[in-house]
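# Geometric and topological summary
So you can see what is in the structure, the chains are spelled out below.
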Amino acid sequence: MEKREQLYEGKAKRVYATKDENSVIVSYKDDATAFDGTKKGTIVGKGVVNNKMSNFLMQILEKQGVKTHYIEELNDRETVVKKVEIVPLEVIIRNISAGSFARNYGVEEGIVFDKPTIEFSYKNDDLHDPLINSYHAIALKLATKEEIEQIKAMAFKVNDVLKDYFLGLGVKLVDFKLEFGRTADGEIVLADEISPDTCRFWDKDTNEKLDKDRFRRDMGGVEDAYKEMMKRVFGE
Ligand code: TMP
Ligand code: ASP
């Protein structure tokens, strides 16, 4: 499959048309942003890590019955995926307190929850991705009630599968953000990416951060953290 015209450029990826109207090619960049794009930088090799890791995880999820946009990896940075209309929701699952949860609710990071939590943000940089609940999402016509129910069930299933998978690699899956899309037939599939950009990964024994928080918080060792996650997943 070959790239045709660029359809879209996001903060971390570009999307290209293909000869098939139902497929697009995603190309992962090394560009990193945080805080609505106000903090900018480069994480060398990140595009390769995120492309390969996301594709690998989506294939694991497909085997467990989670429908995804994944079709075929073309090379280190490019993948053919189903063309979808992105549902403008960031779906966040948390197993352990961290980040905005700790900040918003005044608790320390690292509290292990009895049950995972789910929350939605309205994907809108101008509004700074505000938290919304499922009633707001339906009122705003971002998704139907049925779609929201399906998205919730899929998100928890992703957590069940990936939490165990990462623990087997000595990594705690603290929290993560998912995005979903509608295919041409109106089917809801998991879209976007699952990577150190969109997940918090902590080493099981040391709680060392192995994800984009090292960039967000200027902790250093950013590239090494991405490399370490690559090594845990692919053993190289
Ligand atoms: P938060 O604690 O900052 O709300 O982040 C929750 C999870 O969502 C965390 O794993 C990082 C991920 N995330 C994104 O993928 N994109 C974003 O824009 C933000 C703010 C968080
Ligand atoms: N990529 C996001 C942004 O620039 C933020 C993040 O991942 O923290 O808005």
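See the structure printed just above.
Residues numbered from 1 in each chain as written. Chains lettered and ligands numbered in written order. Predicted model: local features only at pLDDT ≥ 70, side-chain atom pairs only at ≥ 80, totals over all residues. Heavy atoms only, no water.

What follows concerns the packing of aromatic side chains. Taken as a whole, this structure holds six aromatic pairs when the rule is applied. Relative to Phe166, the ring of Tyr165 lies with its centre 5.2 Å away and its plane at 70 degrees, an arrangement referred to as edge-to-face. When sorted by exposure, Tyr165 lands in the same class as Phe166, which is buried. Ring centres of Phe166 and Phe201 lie 4.7 Å apart, and the angle between their planes is 45 degrees; this geometry places the pair in the tilted category. (Phe/Tyr/Trp six-rings, centres within 6.5 Å; stacked < 30°, edge-to-face > 60°. Buried < 20%, exposed > 50% of the residue type's maximum accessible area, 1.4 Å probe, protein only.)

This brings us to unusual backbone geometry. Positive phi, normally seen in glycine, also occurs at Asp36, with a value near 60 degrees. Mapping Asp36 onto the fold places it in the loop between strand S4 (31-34) and strand S5 (39-42). In this structure Asp36 comes out as partly exposed when scored by relative accessible area, which is 32%. (Helix = DSSP H or I, 4+ residues; strand = E, 2+ residues; numbered from the N terminus.)

Bringing the sheet that holds strand S7 (residues 78-82) into the picture now. With antiparallel pairing, five strands are arranged side by side in an open sheet as S1-S2-S3-S7-S6. Because the sheet does not close on itself, it has two edges, and the strands there are strand S1 (6-9) and strand S6 (70-73). Going from strand to strand, the sheet's axes swing by 25 degrees on average, the running direction of each strand aside. Looking at chain direction, S1 and strand S2 (residues 13-17) are connected through three bridges and run antiparallel. The residue bridging Glu9 from the neighbouring strand is Arg14, located in S2. (Pairing = 2+ DSSP bridges. Axes fitted to C-alpha atoms, helices over the stretch in contact; angles between N-to-C directions.)

Turning our attention to the side chain of Arg182. Residue placement: Arg182 occurs in strand S12 (residues 171-182). On the accessibility criterion, Arg182 (16% relative accessible area) is buried. A polar contact is formed between the side chain of Arg182 and the backbone oxygen of Leu142, at a distance of 3.0 Å. If we ignore the near neighbours within four places in the chain, the residues touching Arg182 are Lys83, Val84, Glu85, Val87, Leu142, Ala143, Glu147, Glu187 and Ile188. (Polar contact = N/O pair within 3.5 Å; in protein donor to acceptor, adjacent residues only side chain to side chain. Contact = heavy atoms within 4.5 Å.)

Let us now look at the nonpolar core. Leu89, Leu162, Phe166, Leu178, Phe180, Ile194 and Phe201 are the most contacted members of the largest nonpolar core, which has 48 residues in total. Apart from the residues lying within four places of it in its own chain, the contact partners of Ile194 are Met53, Ser54, Leu57, Met58, Leu61, Leu162, Leu178 and Cys199. (Core = buried A, V, L, I, M, F, W, Y, C linked by side-chain atoms within 4.5 Å.)

With that settled, the discussion passes to the pattern of salt bridges. One pass over the structure, following the stated rule, counts 29 salt bridges. Of the charged contacts, one joins Arg94 and Asp175 as a salt bridge, the two residues approaching to 3.4 Å between their closest N and O atoms. You can see Arg94 sitting in strand S9 (residues 89-96) and its partner Asp175 sitting in strand S12, a full 81 residues away along the chain. Taken as a pair, Arg94 and Asp175 share a single burial class, namely buried. One salt bridge connects Glu228 with Arg232, and the closest N-O pair in it is separated by 2.6 Å. Of this pair, Glu228 and Arg232 both sit in helix H6 (residues 222-234), four residues apart, which is roughly one turn of that helix. (Salt bridge = Lys/Arg side-chain N within 4 Å of Asp/Glu carboxyl O.)

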